[in-house]
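Summary of the model geometry
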Amino acid sequence: MNRIKTATSSKRILAIDILRGITIAGMTMVNNPGSWGHIYAPLRHAQWNGLTPTDLVFPFFMFIMGISTYISLKKYDFTFSRAAALKIIRRTAVIFLIGLGLGWFGSFCFYWASPTEGIGFWAQLGESVWTFDHIRILGVMQRLALCYCAAALVALTMKHSRIPWLIVALLVGYFVLLALGNGFVYGEENILSKVDRAILTPAHMYRDNGIEPEGILSTIPAIAHVLIGFCVARMMLGGKPQTAGDVPAERRHDQKLIALFLVGVILTFAGLLLSYGCPINKKVWSPTFVLTTCGFGSSLLALLIWIIDVKGCKKWSMFFEAFGVNPLFMYVLGNVLSVLFDAISLPWGDGSVSIHGLLYDVTLQPLFGDTGGSLAYALVFIAINWVIGYQLYKRRIYIKI
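Notes on the structure follow.

Cut-offs and rules
- Within any chain, residue numbers begin from 1 and follow the written order of that chain's sequence.
- Residue-level local features of this predicted model are given only where pLDDT is at least 70; pairs of side-chain atoms are given and counted only at 80 or more, and the full residue set underlies all totals for whole chains, interfaces and linings.
- Just so you know, side-chain values use all the structure's heavy atoms and leave hydrogens and water out.
- Two strands make a pair as long as DSSP finds a minimum of two bridges between them.
- The secondary structure listing takes helices from DSSP runs of H or I that are at least 4 residues long and strands from runs of E that are at least 2 residues long, numbered from the N terminus.
- Type-normalised accessible area, obtained with a 1.4 Å probe on protein chains alone, sets the label of each residue: buried when under 20%, exposed when over 50%, and partly exposed for intermediate values.
- Contacts are assigned to residue pairs with any non-hydrogen atoms lying within 4.5 Å of each other.
- Counting of polar contacts relies on pairs of N or O atoms within 3.5 Å, with two restrictions inside protein: one atom must be capable of donating a hydrogen and the other of accepting it, and residues adjacent in sequence are counted only when both atoms are side-chain atoms.
- Here the aromatic set is Phe, Tyr and Trp, taking the six-membered ring for Trp, and pairing holds for ring centres within 6.5 Å; pairs whose planes are under 30 degrees apart are stacked, those over 60 apart are edge-to-face, and all others are tilted.
- Ring-over charges, as used throughout, are those where CZ of Arg or NZ of Lys falls within 6 Å of the ring centre and within 35 degrees of the ring normal.

Summarising the sheet, strand β2 (residues 345-348) and strand β3 (residues 351-354) pair through 4 bridges and their orientation is antiparallel. Residue pairing across strands places proline 347 opposite serine 352, the latter belonging to β3. Count of turn residues in the β2/β3 antiparallel hairpin: 2 residues, of which glycine 349 carries a positive phi of about 60°.

Here it is in structure tokens:
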């Protein structure tokens, strides 16, 4: 169950909330253009190999999930217990089921808004929706759930000094799988597609040349992705300083900030250099995609800490903080509103128009053109979400999923 908590005294790390907020706002924006036929170029995903700004937002959130996992498990002293295990399993199940629910909700509203001609609405629901014949089993929320569960259990059962070796083993093993199984082929002969189609079946997959971008085998490197975030948090927040005990706390803070930036640079360049033999590819979550995006994430986090903590520039961050303090709730909210904006029709002239159509087709597209209007719609949609998120932020209400 969701828990709503009013936080009055718990201390939060602002830079992490801001980075998390940037990613949630980014995910919401790229998922809601005014027109899928006229997407503003930087908001497009790479069709196959390559990397665009849009391809960074989801992996950034995975990276931050690793950091958050370290913070949340620290209170258990990273010791496996029945209470810790139950919390992990319960949270995993809730997040996974929410992901399935979002898929079902989209299908329900689609049939509600556009029932097939000749078939009654409730009859159509009985035939196509209630049976879950075409519900996508895996997706963004489901990947978050599975990777959180795996990373959290690893954190509680394995020595933390050995986790980097596990990360290497997962990434190298996955690369071998890709290399031997046509893993970089954009089609159904790809081993990832074969496994997903055999287990999930095409009716329960995302339709993209037979590739499920949040598929079963690609969850392996995604787990490594979260574990990198965990290791970064351990470096920043845990352990004893390597310098003498009389070193001022401010200097130790600076040393950790420099270390975080260096980790980001090393991971980024490692991913870019290795991409000549292992292409950067989000849809298969290639090892170089993991390294490069975690590198960018580490560098951006270091920059935010420097701006917010060292320089004290915080006023600009309020917009993103409203997204970052309730990240999963805000992501779910964006998905629900997106569906409702397409499904709810309003009287217009001799007919009707959806809320989406009223904003884009009637208002923004005539003002800014096809692409400009599409971008403007995405920004307006983000603003609507922020208004709701800000009310929770202002009241210090954190909805924990």
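Before going further, it helps to examine the side chain of threonine 69. By secondary structure assignment, the location of threonine 69 is in helix α2 (residues 57-73). Taking relative accessible area as the criterion, threonine 69 reaches 2% and is therefore assigned buried. Discounting chain neighbours no more than four positions away, the residues touching threonine 69 are Tyr148, Ala152 and Phe230.

Looking now at the environment of isoleucine 67. Inspection of the secondary structure puts isoleucine 67 in helix α2. Not counting the four nearest positions on each side in its chain, isoleucine 67 is found in contact with Ile16, Gly229, Phe230, Ala233 and Leu301.

Once that is clear, we can look at the environment of histidine 356. Among the structural elements, histidine 356 can be located in helix α13 (residues 355-394). When its relative accessible area of 14% is taken as the criterion, histidine 356 is described as buried. Between the C-alpha atom of histidine 356 and that of tyrosine 377, which follows or precedes it by 21 residues, the distance is 8.5 Å. Aside from chain neighbours lying at most four places away, what touches histidine 356 is Pro33, Gly34, Phe341, Asp342, Asp361 and Tyr377. Within the local environment of histidine 356, its side chain forms a polar contact with the side chain of aspartate 342, the two groups lying 2.8 Å apart.

This part covers the packing of aromatic side chains. Counting across every chain of the model gives 13 aromatic pairs. Ring centres of phenylalanine 78 and phenylalanine 230 lie 5.9 Å apart, and the angle between their planes is 85°; on these two criteria the pair is classed as edge-to-face. Taken together, the residues phenylalanine 78 in the loop between α2 and α3 (82-113) and phenylalanine 230 in helix α8 (residues 219-237) connect sequence positions 152 residues apart. Just as phenylalanine 78 is buried, phenylalanine 230 falls in that class too. Judged by centre distance (4.9 Å) and plane angle (20°), the ring pair of tryptophan 386 and tyrosine 390 falls under stacked. Pair noted here: tryptophan 386 and tyrosine 390 are both in helix α13, with a separation of 4 residues, about one helical turn. Connected via pairs of aromatic rings, a cluster forms that spans Phe319, Phe320, Phe323, Trp386, Tyr390 and Tyr393. For the cation-ring pair, arginine 91 lies above tyrosine 148, with the distance from its terminal atom to the ring centre recorded as 4.8 Å.

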